[in-house]
Amino acid sequence: MNIIVCLKQVPDTNEVKIDPVRGTLIREGVPSIINPDDRNALEEALRLKDEHKDVKVTVLSMGPPQADVALREALAMGADEAVLLSDRAFAGSDTWATSTALAAGIKKIEDYSIIFCGRQAIDGDTAQVGPQIAEHLNLPQITYVEELKIEDNKVIAKRALEDGHFVIESNMPVLLTAIKELNEPRYPSIKGIYDAHRDNKVKIWSAKDVDADFSNLGLDGSPTQVNKSFTPPGRSGVGEILQGNPKESVRELIVKLREKHLI
Ligand SMILES: Cc1cc2nc3c(=O)[nH]c(=O)nc-3n(C[C@H](O)[C@H](O)[C@H](O)COP(=O)(O)OP(=O)(O)OC[C@H]3O[C@@H](n4cnc5c(N)ncnc54)[C@H](O)[C@@H]3O)c2cc1C
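Just so you know, these numbers come straight off a predicted model, no measurement behind them.

What about the pairing of strand β9 (residues 141-151)?
Inference 1: Here three bridges tie β9 to strand β12 (residues 174-178), and the two strands are oriented parallel to one another. Paired with Ile142 across the bridge in β12 is Leu176.
Inference 2: Note: β9 against strand β10 (residues 154-161), six bridges, orientation antiparallel. Residue pairing across strands places Lys149 opposite Ile156, the latter belonging to β10.
Inference 3: As consecutive antiparallel partners, β9 and β10 are separated by two residues, and within that stretch Asp152 has a phi angle of approximately 50°, a positive value.

A short note on the packing of aromatic side chains
Inference 1: Applying the stated criterion to the full structure yields zero aromatic pairs.
Inference 2: The ring of Trp205 has Lys108 sitting right over it, with the charged end atom 4.9 Å from the ring centre.

Details of unusual backbone geometry
Inference 1: Residue Pro173 follows Met172 across a cis peptide bond; omega there is 0°.
Inference 2: By the secondary structure assignment, Pro173 is in the loop between β11 (164-171) and β12.
Inference 3: Positive phi is not limited to glycine here, since Glu110 has a value of about 75°.
Inference 4: Given the relative accessible area of 60%, Glu110 is considered exposed.

With respect to the environment of Gly218
Inference 1: Take Gly218: it is sitting in the loop between β13 (202-205) and α6 (246-259).
Inference 2: Apart from the residues within four sequence positions on either side, Gly218 is in contact with Ala89, Phe90, Ala91, Gly92, Ser93 and Ala97.

Quick notes on the sheet that holds strand β8 (residues 114-118)
Inference 1: One open sheet holds the nine strands; their spatial order is β11-β10-β9-β12-β8-β1-β6-β7-β13, and the pairing between them is mixed. Of all the strands in the sheet, the pair left with one neighbour each is β11 and β13. Across the sheet, the axes of successive neighbouring strands diverge by a mean angle of 30°, strand direction being ignored.
Inference 2: Strands β6 (56-62), β7 (81-85) and β13 of the sheet are contacted by helix α2 (residues 68-77), whose axis makes an angle of about 165° with β7.
Inference 3: Helix-sheet contacts for helix α3 (residues 95-109) involve β1 (2-6), β6, β7, β8 and β13, and the interaxial angle to β6 is about 150°.

Calculation rules
- Residues numbered from 1 in each chain as written.
- Predicted model: local features only at pLDDT ≥ 70, side-chain atom pairs only at ≥ 80, totals over all residues.
- Heavy atoms only, no water.
- Pairing = 2+ DSSP bridges.
- Helix = DSSP H or I, 4+ residues; strand = E, 2+ residues; numbered from the N terminus.
- Phe/Tyr/Trp six-rings, centres within 6.5 Å; stacked < 30°, edge-to-face > 60°.
- Lys NZ or Arg CZ within 6 Å of the ring centre and 35° of its normal.
- Buried < 20%, exposed > 50% of the residue type's maximum accessible area, 1.4 Å probe, protein only.
- Contact = heavy atoms within 4.5 Å.
- Axes fitted to C-alpha atoms, helices over the stretch in contact; angles between N-to-C directions.

Below you can see the structure in the form of structure tokens.
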């Protein structure tokens, strides 16, 4: 059984600071990491590999050449193969163009039972790419997976809701998106790190290699365009302390919160 994990290299947004004078984001020196939800997706694929000996895990990413670092880390954790879609034709892609490219890569890999994505990436933050890949490939999808098992050639997934969960069963092939409650990702092994850094461990495919539809790729193939980006202004409000009788203060507080439509 082949499992493909879509994995995005992202800047570690916990490390991004705001320049207090210019009010802009300081990106210099910010490390790149595997997107956290994608780490959970990969861990689950590796867990299935530990359980079922016939499982092969391929990690797939779209990004610049340096995104191979994330893929090598995934190999060091235990993935079997890694593919990087890298081409100038992909630059400036919105979610539609990104999912078009990833779906083309998946079609070239061909034989798969599960495609795993993270729920969302911490930089773009849209949570659109996974469901769009499922649509491109005409596959069923289960998002927000917090528990997973395979039985009788079907996946049975617990899907998180705001105030509960669904248990959903699906035939394979299927696309799943992982959330952090799914598992605790493992660390790479020393031998894994050594092996992952040998030459030719990451296959690089261009847009032509995956026979992608160029009219739906990159900036020109993106239906949305980012016109402006800016750092949100800092909070300027001043605190207010309500004095006096606690009962009256609570009443006053409720009135103030209602006025601001907060309750
Ligand atoms: C006009 C425009 C220009 C842009 N230009 C750039 C740019 O030049 N450079 C840039 O980095 N971003 C650019 N972006 C942002 C880019 O569109 C998003 O980062 C990208 O489409 C993925 O969306 P997301 O980050 O919201 O992923 P989500 O939909 O939140 O991701 C969900 C899951 O999909 C998978 N996934 C998402 N992206 C990838 C990927 N690349 N490889 C493998 N798996 C993936 C992962 O499993 C992830 O957890 C641009 C956006 C727009 C609208």
